[in-house]
Amino acid sequence: MSSKLTRRDFLRKTGTTAAITSAIATTAGAQMLQPGHRGDTRVELVPSNCEMCFWRCGILAEVKDGKVLKIQGNPNHPLTQGKLCARGNAGTALLNDPDRLKYPLIRTGARGEGKFRKASWDEALDLLATRLNDIKKKYGPEAVAYFPHGVSSGFFGTVMKAFGTPNSAEPAFAQCRGARDVGYQLTFGRPVNSPEPIDLEEAKVIVLIGSHIGENVFTSQVTAFAEGLKRGAKLIVVDPRFSTAASKADWWMPIRPGSDIALMLAWMNVLIAEEGYDAEYLEKYALGLKELSEYVKPFTPEWAEPLTDLSASMIRETALAMAAARPAVAIHPGRHVSWYGDDTQRARAMAILTALLGAYGRKGGMFLPTKLKSGRIPLPPMPESDKGRADGGGSKFPLASEESQGLTQELVEATLTGQPYPIKAWIVFGQNVLESIPQRQKTLKAIEQLEFMAVIDVLPVEQSDYADLVLPECTYLERYDPPAIVTTAKRPFVAVRQAACEPMYESKPGWWIAKQAAKHLGLEGYFPWQDPDDHLRRLIAPLGIRESELKSLGAVSFAGRPYIEDRTEDDGPLFPTQSGKIELVSSVLKDLKFDPLPVYVPQDSPPEGFARLIYGRAPMHSFARSENNKWLADLMPENQVWIGPAFAAKGGVREGQKVVLQNQDGIRSAPIYARVTEAIRNDCAYMVHGFGANAPKLREAHRKGASDTPLISRVKVDPIMGGTGMRVNFVRVLPAEEA
Amino acid sequence: MNAKSLPLIPATLTLDQMREMQQRQIKKHHVAIVLLHWFNALVWFIELSTGLGLISAPAFRIAPEWYTTMMTNAFGAVNLLRLHIAIGMVWIIVFLVYGVFGYRDYLHHEVLIREIGLDRDDFEWLRIRTLLLLKRTKEALPPQGNYNAGQKLFALLVYAALPIIALTGLVMAFHVFPPSLVAWAMLLHLVAVGMVVSGLMVHAYMGAVFPEEKPAFFSMITGMVNELYAYRHHYKWWKEIKEEERLWEQELEGPKLDDTSARSEVSPLKPREEGSPADNGL
Amino acid sequence: MARYAMVIDTERCVGCQSCTVACKSEWDVPEGFARTRVRQTGVRGTYPKLMTTFHVSQCNNCDKPTCVPACPTGSTHQAEDGTVRVNRQLCIGCGSCVAACPYGARFVNPVIGRVDKCDFCSPRLQAGVQPACVETCPAKAKIFGNLEDRSSDVYRLVYREGAVRSETSGLRIGPNVYYAGKEEMLELEMSSFLPGEPRTVPAAWVWTALAKKFVYLAVGATFLGQAVAFFHQLSSGEKQFEE
């Protein structure tokens, strides 16, 4: 026996890896936080995490006399390390937003009129319980649908489950990243999750397909991206628009929208033809290389050229660059991927490429999550429903499983049609159903048919004017939420969210609202914990950390085993698929009679005079959440529509002119300024999502810019998991005076 | 003495008359005016010292560098400014109080025209006085009122400049005005102060150094001047005083029904109270 | 003592405006104004060979600032560590310095009625903490330090790796915000955001060019006049009043 035992060998032999690593709450580099530098000893630094978007970057709130003065990043946070984006820095403006919901409100006028009267919490929760119980009696508990979003909505989710409804849907799955999670899970056995375990800083080649890092800002991802580029990584950006990321790219590939699968099949073709794949890795870990090789034979770069509008030479060049850099090739799995209805297959293509390059579980590619054994709070058994889910998850859409976050548009449909059974009440907690779910005309109609609608939110977005009951939740700065337990980081960690100040007005934290609602519904048994500290303690106890430690540091990290060579038995199988290996050819899809390998199906071209409507993010806004924020609105008060010069000329539209977009179904947008630029293909029209709020109570955001949501009147539903492809609408651009 | 017999220009006096007149004292300035004068002088001293110390930038500086450095080192620029503004505010308040309570006596336009309005005598006086200084004439100076022409000019300058200085000072001290206004305010503040300082040169010399005006200087302490000085330098004012005295005597004696001439001599002027001042003089 | 400087790495910067908001939050900068701002160059080139980049700018805390001599009250001054500071207690808000800055880095803050600008977060520096924008930047695109410290990153970037300044042949006042990045991008960035000309506000021009001379003349002339009269009085021995 060699005297030199590797650390891995030692740990494996002792078989107590998990226990040891759990117990060693390494806080390497973490320092106890000092009071602020303002020379004022009454300033406290309260660590928490942000919810201006959902990345949950670590923050420190500077608090004096119960008031939050300023927010900065928490240097102790292992992922974000003290960095914080524009929206995170603007959290104080949300806290002090004069338009915030302040009191429980009960509707007095007609639906949509926005007339309410103030009510006490008791009265409000009584009303909630009464109406829900009424509906339960008339139609059964399944007639209540829950539309949550955000960490704090989980508490009320427990109430809903305990109440007896299986119907809960977040846009995160069907409108956002569901397709990629399913696609990667089919291939590697794991969904992608959040934060994406993509090793940008160590990569030698970074590939972004539609991803617009830099405009889509997740703090730590921008850090890693910038770092990777600085270290010399080559950048390939596939995007019909010259995004910020594209401006830093070595190759900007202005692809014809919808042809990404063709491009990737051609890349696979080159990798296989030139033997640019990681043969050893595939031999060891993957199944289906032979079948794949045969399959991609006809998909040459020359074949792809007319389909993608990309030159064969560029396709070949980029494939070879990836091959040369393998396995340190980071193909970003994307985040919002619900584009054309074939999105699961496109995700599969990206996963296959990742596997071919040997990048999954390797440095510079994608790293593996390290599990954390967090605690569970044992609850009484949840009532079973024999009616099943109304959104077709697990049945109509077999891969929209229990773990997925539901199919929002299907719940809307079910409400409208009464099939498979009537849905008569909606509880919306932190979701903006009219902006996030496409075909809002349908959503509005569905709302009109409801017998009861309750909205729990921080800001009075448009939908609250349609509710029977509006409950004010306090901001993330004023409440406890379940801690972030993040496994998809190189060092897994737990990060706390705790109140930096008392809730303002009569707003309440999500946990309190849920607990109180449970009381009124007779479901207290499902909330066996006393208070936030009790809840937190139970969750983190198995990790071997104390909640006082967590609360004073903000985050505690643990040793991670991100790469294959670090893994131990306790981490479980490397590839938890059916076969235990990477499935280049998906057995599950085969069984379900879907294409086991991605098939390129061309998308419709825009009709004459129309361009495809595409949308994205701006770095100083979070979709439709931040437009009322004074500081952020100051930087970007409204959006513009980007159109190419040739397309603009055809429509008689000049740079800076106010225009109206009209889609293929004759639906018009609000007026919006035109940005005529070379930076976009002439068959596309791009705008940032989240503007054009139709919400008079949001005085800063109301009617500023235009919303893309009404223009998304058509969707292509992904048959595999039920996601809604939304980049399938076409628009004309008309000068505003003529419209 | 019969008022009708008072000549328009002073007659030559006998030595006895002169000696007699020199003994008598007439009230020229109300004590309120005396106080205000020295208050003003003190304020101007402090404000000029601090103000000149504050403008330190080379392009704007009026005082030499050694002065501004000395002042800022001794007191600190912030303290200089605080003092300058504080004293300035006190000054404004005091003048406002005077303005409110003494409006009738000091600010009413009739009073202003009478006391410091320039008449033909004043312009003549200015011409002849200048030529006298250059030794280019032998004419006699025309009679002057309560204030001579030079004093009137200075008064007019001060009446114009002080509101400008006060208002522009307020604009600079209270940060609620647009920057372009503040910049012009600073310019006007400095120019107005500069103008008053030039006038001050003459005022200080004339008041304190020029021997002929020595009684004027003391009048700013005692409030009184001797009658000979009044007769020589402010004949028209002396005449008014005399007429009032005569009227007062007549009142005491009672009206003489057959003396129509006396009644016709009743002064068309508003009866002036004994010792009420005309305005703040030089 | 120190010579603080900042280097903006254009390669890293993604134009996300985190710096702008962190600074606004730290210093209560009112809406519509910014101490540091991020602007984008236009898109240059013809499709598909395009270029664009971001330009981050703020007060450069210049070696030879044009704003300091323009300030009448001396409130704007250069500190020993090179930062150009505004003493709020002395500032009257006349805006002379705003016009004098060729980089447009200053503004009159309407809430406080005084001039406002970046001073590299001087109070934070004194407490040993990095400027707020440097601390928050997700891309780590802002590098800050002391140019007199040879081991610092800024020293290396400026003196060994050729970070550039925003200067022209006519304007070399030693700005201490430098720019690093790929040559082509830097050229695009610098040429898109050239400094302007230092200007004088009309009131200040009137004072320095005309009014000051006039006041000196008036005071001087009256003083001389009185001096002459005084000597005249002494020499000719003016008749005393009582004879």
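Residues numbered from 1 in each chain as written. Chains lettered and ligands numbered in written order. Predicted model: local features only at pLDDT ≥ 70, side-chain atom pairs only at ≥ 80, totals over all residues.

### Some words on the overall build of chain A
And then number 1: The helix and strand inventory of chain A stands at 24 helices and 26 strands.
And then number 2: A compact globule built from 739 residues should have a C-alpha radius of gyration of about 27 Å, and chain A, at 25 Å, falls within 12% of that.
And then number 3: If you take every contact in chain A between residues at least 6 apart in sequence, the share linking residues at least 24 apart comes to 73%. (Helix = DSSP H or I, 4+ residues; strand = E, 2+ residues; numbered from the N terminus. Rg over C-alpha atoms; globule rule 2.2 N^0.38 Å. Contact = placed C-beta atoms within 7 Å.)

### Concerning the overall build of chain C
And then number 1: In terms of helices and strands, chain C carries seven helices and 12 strands.
And then number 2: For 243 residues, the compact-globule formula gives about 18 Å, and the C-alpha radius of gyration of chain C, at 25 Å, lies well above that figure.
And then number 3: Taking the principal axes of the C-alpha coordinates as reference, chain C spans close to 100 × 45 × 35 Å.
And then number 4: Looking at chain C residue by residue over its 243 residues, the buried ones come to 47%.
And then number 5: Here the analysis covers contacts within chain C between residues at least 6 apart in sequence; of these, 61% occur between residues at least 24 apart. (Buried ≥ 20, exposed ≤ 12 C-beta atoms within 10 Å, placed from the backbone.)

### Observations regarding the interface of chain C and chain A
And then number 1: The interface of chain C with chain A comprises 33 residues on the first partner and 36 residues on the second.
And then number 2: Sorting the residues of the side of chain C that touches chain A by element identifies α1 (18-27), β4 (49-51) and α4 (132-136) of chain C as the ones contributing at least two each.
And then number 3: Per-element accounting of the side of chain C that touches chain A gives the leading share, seven residues, to α1(C).

### Some remarks on the interface of chain B and chain C
And then number 1: Residue-level contacts link 36 residues of chain B with 36 residues of chain C.
And then number 2: Elements represented by at least two residues in the side of chain B that touches chain C include exactly α4 (77-101) and α9 (179-209) of chain B.
And then number 3: When its residues are assigned to classes, the side of chain B that touches chain C shows 28 nonpolar, six polar and two charged. (Nonpolar A, V, L, I, M, F, W, Y, C, P; charged D, E, K, R; others polar.)

### Thoughts on the domain arrangement of chain C
And then number 1: Splitting chain C by domain gives domain 1 (4-192) and domain 2 (201-243).
And then number 2: One C-alpha centre belongs to domain 1 of chain C, the other to domain 2 of chain C; they are set 48 Å apart. (Domains from an automatic or database assignment.)

### Brief notes about the confidence of the model for chain A
And then number 1: When pLDDT is averaged along chain A, the result is 93, and 95% of the positions lie at 70 or above.
And then number 2: Throughout residues 1-32 of chain A the model reports pLDDT below 50, and contacts reaching past four residues in sequence, or to other chains, amount to 33 contacts. (pLDDT = per-residue confidence, 0-100.)

### As for the domain arrangement of chain A
When the parts of a complex come together, some accessible area is lost, and that lost area is often taken as the interface size.
All names here are of chain A.
And then number 1: Its domain assignment divides chain A into domain 1 (105-173 + 391-477 + 500-546), domain 2 (198-366 + 572-591) and domain 3 (611-735).
And then number 2: Listed by partner, the interface residues are 17 residues for domain 2 and 23 residues for domain 3.
And then number 3: Of the residues contributing to the side of domain 2 that touches domain 3, the split by class is seven nonpolar, six polar and four charged.

### What about the pairing of strand β7 (residues 205-209) of chain A?
Sheet faces and side chains relate simply in a regular strand, where the side chains alternate between the two faces.
Residues and elements named next belong to chain A.
And then number 1: When you tally the buried positions in β7, you get five out of five residues, the bulk of the element.
And then number 2: Alternating positions in β7 separate into two faces, Val205, Val207 and Ile209 on one and Ile206 and Leu208 on the other, with burial throughout.
And then number 3: Here five bridges tie β7 to strand β8 (residues 234-238), and the two strands are oriented parallel to one another. Residue pairing in the sheet places Val207 in a bridge with Ile236 of β8.
And then number 4: Between the parallel elements β7 and β8, the chain passes through helix α8 (residues 219-230) in a crossover that is right-handed. (Pairing = 2+ DSSP bridges. Right-handed = clockwise from strand over helix to strand, strands pointing away.)

### Focus on the confidence of the model for chain C
Reading fine detail from the predicted coordinates is not recommended where pLDDT is low.
And then number 1: Per-residue confidence for chain C gives a mean pLDDT of 92; residues scoring 70 or more make up 97%.
And then number 2: The complex model carries a pTM of 0.89, and its ipTM stands at 0.93.

### Thoughts on the packing of helix α3 (residues 65-75) of chain B against α4(B)
All names here are of chain B.
And then number 1: Between α3 and α4, whose axes approach to 6 Å, the crossing angle comes to 90°. One way to sum up the angle between α3 and α4 is to call them roughly perpendicular. Contacts between α3 and α4 involve Met71, Thr72 and Phe75 from the first element and Ala77, Asn79 and Leu80 from the second.
And then number 2: In the contact of α3 with α4, the residues fall into four nonpolar, two polar and no charged. (Axes fitted to C-alpha atoms, helices over the stretch in contact; angles between N-to-C directions. Parallel < 35°, antiparallel > 145°, perpendicular 65-115°, else oblique.)

### Examining the sheet that holds strand β1 (residues 4-9) of chain C
Residue and element names in this part refer to chain C.
And then number 1: One open sheet accounts for four strands, arranged β10-β1-β12-β11; its pairing is mixed. Pairing within the sheet leaves two strands with one partner each, and these edge strands are β10 (142-146) and β11 (164-165).
And then number 2: Pairing geometry for β1 and strand β12 (residues 177-180), over four bridges, is parallel. From the neighbouring strand, Val7 faces β12, where its bridge partner is Tyr178.

### Describing the nonpolar core
And then number 1: Ranked by internal contacts, the top residues of the largest apolar core, which has 318 residues, are Val329(A), Val641(A), Ile643(A), Ala685(A) and Val7(C).
And then number 2: Tallying contributions element by element places α9(B) first for this core, with 16 residues.
And then number 3: In this structure Val7(C) touches Ile143(C), Val154(C), Leu157(C), Val158(C), Ala163(C), Tyr178(C) and Ala180(C), once residues within four positions along its chain are discounted.
And then number 4: Ranked by size, the runner-up nonpolar core spans 16 residues in total, among them Ala484(A), Val494(A), Val496(A) and Ala555(A). (Core = buried A, V, L, I, M, F, W, Y, C linked by C-beta atoms within 7 Å.)

### Concerning the sheet that holds strand β26 (residues 730-735) of chain A
All names here are of chain A.
And then number 1: With mixed pairing, six strands are arranged side by side around a closed barrel as β19-β23-β20-β22-β21-β26. Averaged over all pairs of adjacent strands, the angle between their axes in this sheet comes to 45°, without regard to strand direction.
And then number 2: As paired strands, strand β20 (residues 640-643) and strand β22 (residues 672-676) are joined by four bridges and run parallel to one another. For Gln640, the partnering residue across the bridge sits in β22 and is Tyr673.

### Points about unusual backbone geometry
Excluding glycine, most residues fall at negative phi; most peptide bonds, likewise, are trans.
And then number 1: Across the junction of Arg326(A) and Pro327(A), the peptide omega takes the value 0°, indicating a cis bond.
And then number 2: Tracing the backbone shows Pro327(A) in the loop between α14 (312-325) and β11 (329-331).
And then number 3: That bond from Tyr47(C) to Pro48(C) is cis: its omega, -5°, falls within 30 degrees of zero.
And then number 4: Tracing the backbone shows Pro48(C) in the loop between β3 (44-46) and β4.
And then number 5: Even without being a glycine, Gln81(A) presents a positive backbone phi close to 50°.
And then number 6: Its place among the elements puts Gln81(A) in the loop between β3 (67-73) and α3 (86-89).
And then number 7: Within the chain, Asn193(A) stands out as a residue other than glycine whose phi angle is a positive 70°.
And then number 8: Relative to the helices and strands, Asn193(A) resides in the loop between α7 (171-188) and β7.

### Quick look at α8(A)
Residues and elements named next belong to chain A.
And then number 1: Compared with an ideal rise of 1.5 Å per residue, which puts 12 residues at 16 Å, α8 spans 17 Å between its outermost C-alpha atoms and is within 8% of the ideal.
And then number 2: Taken across its 12 residues, α8 has 10 buried, putting it largely inside the fold.
And then number 3: Here α8 has its buried residues at Thr219, Ser220, Gln221, Val222, Thr223, Ala224, Phe225, Ala226, Gly228 and Leu229.
And then number 4: The inward-facing, buried residues of α8 abut β7 and β8.
And then number 5: Looking one or two places after α8, you find Gly232, whose phi comes out positive at around 105°. (Expected span 1.5 Å × (residues − 1).)

### Some remarks on the environment of Val215(C)
And then number 1: Summarising the element assignment, Val215(C) is placed in helix α7 (residues 202-236).
And then number 2: Sequence separation of Val215(C) and Gln226(C) is 11 residues, and the distance between their C-alpha atoms is 17 Å.
And then number 3: For Val215(C), the contacting residues outside a window of four places in its chain are Leu190(B), Val191(B) and Gly194(B).

### A few points about the environment of Ala100(C)
Residue and element names in this part refer to chain C.
And then number 1: Structurally, the position occupied by Ala100 is in helix α2 (residues 96-100).
And then number 2: Note on Ala100: 22 C-beta atoms within 10 Å, which makes it buried.
And then number 3: Between the alpha carbons of Ala100 and Ala203 there is a distance of 13 Å; along the sequence they are 103 residues apart.

### Let's talk about helix α15 (residues 343-356) of chain A
Every α-helical turn comprises 3.6 residues, leaving residues that sit three or four positions apart pointing alike.
And then number 1: Its 14 residues give α15(A) an end-to-end C-alpha distance of 20 Å, which sits within 8% of 20 Å, the value for a rise of 1.5 Å per residue.
And then number 2: Counted residue by residue, α15(A) has 14 buried out of 14 residues, so it is predominantly covered.

### Examining the pairing of strand β12 (residues 425-429) of chain A
All names here are of chain A.
And then number 1: Most of β12 sits inside the fold, with five of its five residues counted as buried.
And then number 2: The two faces of β12 match: Ala425, Ile427 and Phe429 on one face and Trp426 and Val428 on the other face are all buried.
And then number 3: Summarising the sheet, strand β6 (residues 144-148) and β12 pair through five bridges and their orientation is parallel. Paired with Tyr146 across the strands is Ile427, a residue of β12.
And then number 4: Strand direction decides the pairing type here: β12 and strand β13 (residues 452-457), joined by five bridges, are parallel. Of the residues in β13, the one forming a bridge with Trp426 is Met453.

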